[in-house]
Amino acid sequence: MSLGRTILLKMADSEFLNRQATQRSFVKRATRRFMPGEAPEDALRAAQMLKAEGRGTVFTKLGEAITVRADAEAVRDHYLWFFDQLAASGLDGHVSVKPTQLGLDLSYDQCLEHLMVLAARSEAIGKTFWIDMEGFVYVDPTLKLYRALKAKHHNVGLALQAYLYRTQADLEALMPLRPIIRLVKGAYAEPSSVAFPVKADTNRSYFDLSDRMLQAAAAGQCTPILGTHDIPLLDRLVARAKAHGTPDRGYEIHMLYGIRDADQRRLRSEGRTVKTLISYGSAWYKWYMRRLAERPANVWFVVRSLLG
Ligand SMILES: Cc1cc2nc3c(=O)[nH]c(=O)nc-3n(C[C@H](O)[C@H](O)[C@H](O)COP(=O)(O)OP(=O)(O)OC[C@H]3O[C@@H](n4cnc5c(N)ncnc54)[C@H](O)[C@@H]3O)c2cc1C
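Figured I'd write up the structure that's included with this text.

Reading the values: rules and limits
- Residues numbered from 1 in each chain as written.
- Predicted model: local features only at pLDDT ≥ 70, side-chain atom pairs only at ≥ 80, totals over all residues.
- Heavy atoms only, no water.
- Pairing = 2+ DSSP bridges.
- Helix = DSSP H or I, 4+ residues; strand = E, 2+ residues; numbered from the N terminus.
- Axes fitted to C-alpha atoms, helices over the stretch in contact; angles between N-to-C directions.
- Contact = heavy atoms within 4.5 Å.
- Buried < 20%, exposed > 50% of the residue type's maximum accessible area, 1.4 Å probe, protein only.
- Near = heavy atom within 4 Å.
- Polar contact = N/O pair within 3.5 Å; in protein donor to acceptor, adjacent residues only side chain to side chain.
- Areas by Shrake-Rupley, 256 points an atom, 1.4 Å probe, with all protein chains shown as cover.
- Core = buried A, V, L, I, M, F, W, Y, C linked by side-chain atoms within 4.5 Å.
- Salt bridge = Lys/Arg side-chain N within 4 Å of Asp/Glu carboxyl O.
- Phe/Tyr/Trp six-rings, centres within 6.5 Å; stacked < 30°, edge-to-face > 60°.
- Lys NZ or Arg CZ within 6 Å of the ring centre and 35° of its normal.
- Arc of directions from axis to C-beta.

## Notes on the sheet that holds strand E2 (residues 93-97)
At step 1: Spatially, E1-E2-E3-E4-E5-E6-E7-E8 is the arrangement adopted by the 8 strands of the closed barrel, whose pairing is parallel. Across the sheet, the mean angle separating the axes of adjacent strands is 30° when strand polarity is ignored.
At step 2: Packing against the sheet, helix H10 (residues 231-244) makes contact with strand E6 (223-227) and strand E7 (252-256), and its axis sits at approximately 170° to E7.

## Quick word on the environment of Leu149
At step 1: Considering the arrangement of structural elements, one finds Leu149 in helix H7 (residues 139-152).
At step 2: Judged by relative accessible area, Leu149 falls into the buried class, the value being 0%.
At step 3: Note: C-alpha distance between Leu149 and Leu112 (37 residues apart in sequence) is 7.9 Å.
At step 4: Look past the residues within four positions of Leu149 in its chain and what remains in contact with it is Leu112, Leu115, Met116, Ala119, Ile131 and Val156.

## Things to note about the site of the ligand
At step 1: Within the structure, the ligand sits among 27 residues, and Lys185, Gly186, Thr228, His229 and Glu294 are positioned closest to it.
At step 2: Within the side chain of Lys185, an N or O atom sits 2.8 Å from an oxygen atom of the ligand.
At step 3: Contact distances for the ligand include 2.6 Å between an oxygen atom and a side-chain N or O atom of Thr228.
At step 4: With the chains in place, 89% of the 930 Å² that the ligand exposes on its own is no longer accessible.
At step 5: Secondary-structure elements contributing two or more residues to the shell around the ligand are strand E4 (156-161), strand E5 (180-184), E7 and helix H12 (285-294).

## Quick look at the nonpolar core
At step 1: Counting residues in each nonpolar core, the largest one holds 95 residues, and the members touching the most others are Phe59, Leu86, Leu115, Phe129, Leu158 and Leu160.
At step 2: The dominant element in this core, judged by the number of residues it contributes, is helix H6 (residues 108-124), at 7 residues.
At step 3: When neighbours within four sequence positions are excluded, Leu115 is seen to be in contact with Val97, Leu102, Phe129, Ile131, Leu145 and Leu149.

## Structural notes on the side chain of Gln161
At step 1: Residue placement: Gln161 occurs in strand E4.
At step 2: Polar side-chain contacts of Gln161 include one of 3.3 Å to the backbone oxygen of Met133.
At step 3: What Gln161 contacts, discounting residues up to four positions off in sequence, is Met133, Glu134, Val139, Thr167, Val184, Lys185, Gly186 and Tyr188.

## Considerations on the pattern of salt bridges
At step 1: Inspection of every chain in the model, using the stated rule, returns 23 salt bridges.
At step 2: A salt bridge links Arg166 to Asp140; the nearest nitrogen and oxygen atoms lie 2.9 Å apart. Remark: Asp140 occurs in helix H7 and Arg166 occurs in the loop between E4 and helix H8 (167-174); sequence separation between them is 26 residues.
At step 3: Owing to a relative accessible area of 22%, Arg166 belongs among the partly exposed residues under this scheme.
At step 4: Owing to a relative accessible area of 49%, Asp140 belongs among the partly exposed residues under this scheme.
At step 5: A single salt-bridge network, built from bridges that share partners, covers Asp235, Arg260, Asp263, Arg266 and Glu270.

## Focus: the environment of Arg266
At step 1: One can find Arg266 in helix H11 (residues 261-269).
At step 2: The contacts of Arg266, once residues within four sequence positions are left out, are Ile231 and Asp235.

## Digging into the packing of aromatic side chains
At step 1: As enumerated under the stated definition, the model contains 6 aromatic pairs in all.
At step 2: Centroid distance Phe59 to Phe82: 5.0 Å. Interplanar angle 65°. Geometry classified as edge-to-face. Taken together, the residues Phe59 in strand E1 (residues 56-61) and Phe82 in helix H5 (residues 69-89) connect sequence positions 23 residues apart. Per residue, the accessibility class of Phe59 equals that of Phe82, and both read buried.
At step 3: Grouping aromatic residues by their ring pairs yields a cluster made of Phe59, Trp81, Phe82 and Tyr280.
At step 4: If you follow Arg182 out to its NZ or CZ, it ends over the ring of Trp130, 5.0 Å from the centre.

## Here's the deal with the side chain of Ser122
At step 1: Take Ser122: it is sitting in helix H6.
At step 2: Using a relative accessible area of 0% as the deciding quantity, one classes Ser122 as buried.
At step 3: With near-sequence residues (within four places) excluded, Ser122 lies in contact with Phe83, Lys127, Thr128, Phe129 and Asn155.

## A look at H8
At step 1: All buried positions along H8 are accounted for by Thr167, Asp170, Leu171 and Leu174. Taken end-on, H8 shows its buried residues confined to a sector of 100°, consistent with a single buried face. Pointing more than 90 degrees away from the buried face of H8 are the exposed residues Gln168 and Ala169.
At step 2: Contact partners of the buried residues in H8: H7, E4, E5 and helix H9 (199-218).

Below, the structure is given as structure tokens:
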């Protein structure tokens, strides 16, 4: 892992920097590159623009590591309200949540209860309900949550991280469930005991896991979502999908708002199903630091915002 990435991911865990950054208007301005605004209405408005280009949306309210029961309940209630907005909007829009945002650190059972309520509501309005994957310590409980949810609701998707050595085995174990999987490279600072320390190995793992999913998708056994901005890798995988006979609608490409936007449009115009993940909310500090860590050159955007 590069030094810049390591430092930025360490900074993501600092409560002091969190308080400082969220009070500074120039940092707030710099976040606009990756999120249309803090209000859910900002996110919905941006999604309408993407809809005009044929792109769908996945929404997430920023926040994680909730440690107060009432806060987790408030997040659940927020999403119930948000599902009503989605149902009325006519958008091809879906929701993605983090288990720790719904109280996984407090109680597995309560977190599952909240997720069940949300998955049921999402299913009722015909949307896929997404579970993000967080740091390594949460992988086992998150897989357990996914199995419990998938047993009751077919429309639930899970993120898996290609940088973890264990992901190949996790994917195989999930295959009998006909899973909906968003494969990402992985955004957290993990030790080399659990994750590939060298980027080229993560990229190789990403290709192999995606290839396996695309092959399974051709037989209707899996719905793969390629969650990456790595265009050469995506181009190779689109070719693999064709070679496997995976139908165009049998897999999707998801990217983050504000990143590789021209490529998102190009892929859509070439017939791919493309969805853009839009984040909103005021708890953006940790999430924003992970975006900077993915591409330390992004720090210059913050500096430029500081200069006005
Ligand atoms: C839809 C979606 C959902 C995600 N969900 C999760 C999740 O649940 N758990 C998790 O751990 N991670 C998640 N991530 C983040 C992911 O793990 C990576 O950290 C992130 O996508 C960067 O990796 P990459 O695949 O784009 O490849 P990289 O090799 O990092 O990047 C490829 C190219 O994309 C561009 N790029 C990538 N990131 C940035 C950036 N921040 N700013 C500007 N340009 C950039 C650059 O041009 C770069 O060269 C998600 C990502 C996406 C797209």
